Amino acid sequence: MAATPRFRNDASAAPAPDGEPDTAPSDRRHPVDETLPPLKMFTSGLQHVAAMYAGVVAPPMIVGPAVGLTPKETAFLMGASLFTAGIATLLQTLGFWRIGARLPFVNGVSFAGVTPMVAIGKDRGHDGIAVIFGAIIVASLLGFVLAPYFCKLVRFFPPVVTGTVITLIGVSLLPVAFNWSQGGNATADDYGSTTNITMAAVTLVVVLALRKLLRGFLQQIAILLGLVVGTLVAIPVGITDFGAIKDADAIGFPTPFHFGAPQFEIAAIVSMCIVMLVCMTESTADMLALGRIVDRPADERTIEGGLRADTLGSAISPLFNGFMCSAFAQNIGLVAMTKVRSRFVVAAGGGILILLGLFPVAASVIALVPLPVLGGAGIVLFGSVAASGIQTLAGAALEKGENALIVAAAVGIGLIPIAAPEFYHAFPKDLLVVLDSGISTGCVVAIVLNLAFNHLGKRPDAEPDAEPDAESVAQKTVKTATAGVH
């Protein structure tokens, strides 16, 4: 068997001694650090943007209307999310000091924060956005401080915990897709009409058909193509609103604190701190997977740098009206498919995201998508998140110890806000910000029970339940990533 090629990790590698040819395998530049011809760099970077675009703009499309923003303000929020995703991606790929994983690692708005953010800012308008931004800033700065320690605590977040949380993220978002499919506005005359639900069904069928029939790059953007087809079909039906694009500026800059200075509320901060822990856990798993794909295994220092980039990007994001950022798993699948491992390709994608954020009219084009069309695609998008969590749980050794009980209790409690929305109506309002988020409550329950059953009182020489090594975590994440799931 041929030996595995060895690469130098950076340009600072020591040169060969005098008189010896500089041809040792260890002197070859690692593919992660290679630069490609400009055209290939741009097109490959654009492919990464296309694969993640829908995932970046979906959270602000949910949060904006929920807090009471106008279509124009929601379009501004989407542009800001693209801009800040670009900044976070550059921090990860290029990095500085001990910040950045320096892998082809794409960052964007995390779905994990959507439900808690809606609970925090619901119907509060600009004040709701200001409270959300304040909570994100505090949670992100705390995450930045904790990054060096968190990378040492990964063993407390095995698949039984992460799988439960990811499942709850998808399940908690599905009601949003169902609401969109009906029209989005429960007071409207056409809410739940046959026309709206039919448009959602048509979009769902188109997305599924495209995923089945297309290959390669086009398959990666099947959801985007489905939205385009659904919107075109919706134009003659009469449910497409061109108001947002008419009002959008051709060129603009995400004005710092456009919605007002950040506000700080304890309950909101606690809720977003929990979300930050979830994001850090997901990013750690993604770094382990990506490190193996590009043949540069992610060690403790790489994970620390990656988490610092995540949290710093998230702390900067509210300044430009963006949300919390974390890794995008579908882009890991794209790296695996294309075999293009250069981090500079992804950095080019980050630059494209920044440019898109500077052109509000480009972001407002997404606002043309009718909510029923978005709902049909959302069923696939959010359902895929839940499927990702289930796939993780499949490797969580539920037959061992009390792991099945941990999942049962965490999922059960996490589903309370969905199945019985008024369950906590008698509790103090500040607590409802956390309790009304099934993701937050489910995560807390999963972590506490995992500590109680799998760590406390366990013999030092006992084998831990469902704590796989980096390779098994990476393999599971790769399978999820190649399915196009974030």
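For the structure given in this document, a descriptive report is provided here. Think of each chain on its own: its residues are numbered from 1, step by step along the sequence as written. Predicted model: local features are reported for residues with pLDDT of at least 70 only, side-chain atom pairs are reported and counted for 80 or more only, and whole-chain, interface and lining totals are derived from all residues. Water and hydrogen atoms were dropped before computing side-chain values, which therefore reflect all heavy atoms in the structure.

**Comments concerning the packing of aromatic side chains**
Think of a pair of aromatic rings as described by two things: how far the centres are apart, and how the planes are tilted against each other in angle.
Okay, so step 1: By convention, a stacked pair of Phe, Tyr or Trp rings (six-membered ring in the case of Trp) has centres within 6.5 Å and planes under 30 degrees apart, an edge-to-face pair has planes over 60 apart, and any other such pair is tilted. One pass over the full model with this rule turns up 5 aromatic pairs.
Okay, so step 2: Ring centres 5.8 Å apart and planes at 45° place the aromatic pair Phe133 and Phe323 in the tilted group. Here the residue Phe133 occupies a position in helix H4 (residues 125-150), and Phe323 occupies one in the loop between helix H11 (300-316) and strand E2 (325-327), the gap between them amounting to 190 residues. As far as burial versus exposure is concerned, Phe133 and Phe323 are alike and both buried.
Okay, so step 3: When the ring of Tyr424 is compared with that of Phe427, the centres are 5.4 Å apart and the planes differ by 90°; the resulting orientation is edge-to-face.
Okay, so step 4: Residue classification places Tyr424 among the buried positions, given a relative accessible area of 9%.
Okay, so step 5: Accessible area is worked out with a 1.4 Å probe on protein chains only. A residue is then buried under 20% of its type maximum, exposed over 50%, and partly exposed in between. Residue Phe427 is classed as partly exposed on the basis of its relative accessible area, which comes to 41%.
Okay, so step 6: By the ring-pair criterion, three or more aromatic residues cluster together here, those being Phe423, Tyr424 and Phe427.
Okay, so step 7: Just above the ring of Phe144 sits the side chain of Arg308; from NZ or CZ to the centre is 5.9 Å. In DSSP terms, a helix is any run of H or I states spanning at least four residues, a strand is any run of E spanning at least two, and both are numbered starting from the N terminus. Counted as over-ring charges are cases with an Arg CZ or a Lys NZ within 6 Å of the ring centre that also lie within 35 degrees of the ring normal.

**Focus: the nonpolar core**
Okay, so step 1: The set of buried Ala, Val, Leu, Ile, Met, Phe, Trp, Tyr and Cys residues whose side-chain atoms join them within 4.5 Å is what this entry labels a nonpolar core. Ile132, Ile169, Met272, Phe323 and Phe382 are the most contacted members of the largest nonpolar core, which has 103 residues in total.
Okay, so step 2: By definition, residues are in contact when any of their heavy atoms lie within 4.5 Å. Filtering out sequence-adjacent residues up to four positions away, Ile169 remains in contact with Phe111, Ala112, Val278, Glu282, Val385 and Ile439.
Okay, so step 3: With 7 residues, the next largest nonpolar core counts Ile99, Ala309, Phe320 and Ile354 among its residues.

**Points about the pattern of salt bridges**
Side chains that differ in charge, positive against negative, can pair when their charged atoms come close.
Okay, so step 1: By definition here, a salt bridge exists when the distance from a side-chain nitrogen of Lys or Arg to a carboxyl oxygen of Asp or Glu is within 4 Å. Evaluation of the coordinates by the stated rule reveals 5 salt bridges.
Okay, so step 2: A salt bridge links Arg343 to Asp33; its shortest N-O distance comes to 2.8 Å. On the criterion of sequence distance, the pair formed by Arg343 in helix H13 (residues 343-357) and Asp33 in the segment before helix H1 (38-67) is long-range, its members being 310 residues apart.
Okay, so step 3: Where Arg124 meets Glu265, a salt bridge forms, and the shortest distance between an N and an O atom there is 2.9 Å. Of this pair, Arg124 sits in the loop between helix H3 (114-121) and H4 while Glu265 sits in the loop between helix H9 (243-247) and helix H10 (266-293), and the two are 141 residues apart along the sequence.

**Section: empty space enclosed by the protein**
Okay, so step 1: Lining residues are defined by having an atom within 4 Å of a point belonging to a cavity or pocket. Those points lie on a 1 Å grid over the protein atoms alone, cavities being sets where a 1.4 Å probe fits but cannot get out and pockets being open sets with protein on both sides within 12 Å along at least five of seven lines. Grid points are joined across faces, edges and corners, and a volume is the space filled by probe spheres set on the points. A full pass over the atoms with the stated rule returns 2 cavities of 30 Å³ or more.
Okay, so step 2: In this structure, the largest cavity encloses a volume near 110 Å³.
Okay, so step 3: Forming the walls of the largest cavity are 15 residues, and the residues nearest its centre are Ala54, Ala58, Leu227, Leu374 and Leu381.
Okay, so step 4: Counting only elements with at least two residues in the lining of the largest cavity, the list comes to H1, helix H8 (222-237) and helix H15 (371-394).
Okay, so step 5: Counted as a void, the second largest cavity has a volume near 60 Å³.
Okay, so step 6: Lining the second largest cavity, in full, are Phe157, Val161, Thr162, Val165, Ile166, Leu277, Val278, Thr281, Glu282 and Cys443.
Okay, so step 7: Elements with a contribution of two residues or more to the lining of the second largest cavity: helix H5 (159-182) and H10.

**Some points on the packing of helix H2 (residues 71-93) against H11**
Okay, so step 1: Angles here are taken between N-to-C directions and fall from 0 to 180 degrees, while the axes themselves are lines fitted to C-alpha atoms, restricted in helices to the stretch in contact. For the pair H2 and H11, interaxial distance at closest approach is 9 Å and the crossing angle is 160°. Considered as vectors, H2 and H11 are oriented roughly antiparallel to each other. Crossing angle aside, the handedness with which H2 passes H11 is right-handed. Counting all contacts with H2, which are made through Ala88, Leu91 and Gln92, the residues of H11 involved are Gly306, Ala309, Asp310, Leu312 and Gly313.
Okay, so step 2: Three classes are used: nonpolar for Ala, Val, Leu, Ile, Met, Phe, Trp, Tyr, Cys and Pro, charged for Asp, Glu, Lys and Arg, and polar for all others, with Gly counted as polar. When the residues that make up the contact of H2 with H11 are grouped by side-chain class, the tally is 4 nonpolar, 3 polar and 1 charged. By the definition adopted for this analysis, an angle is roughly parallel if under 35 degrees, roughly antiparallel if over 145, roughly perpendicular if from 65 to 115, and oblique otherwise. The handedness criterion is simple: a crossing whose near helix is rotated anticlockwise from the far helix by less than a right angle is left-handed, and one whose near helix is rotated clockwise is right-handed.

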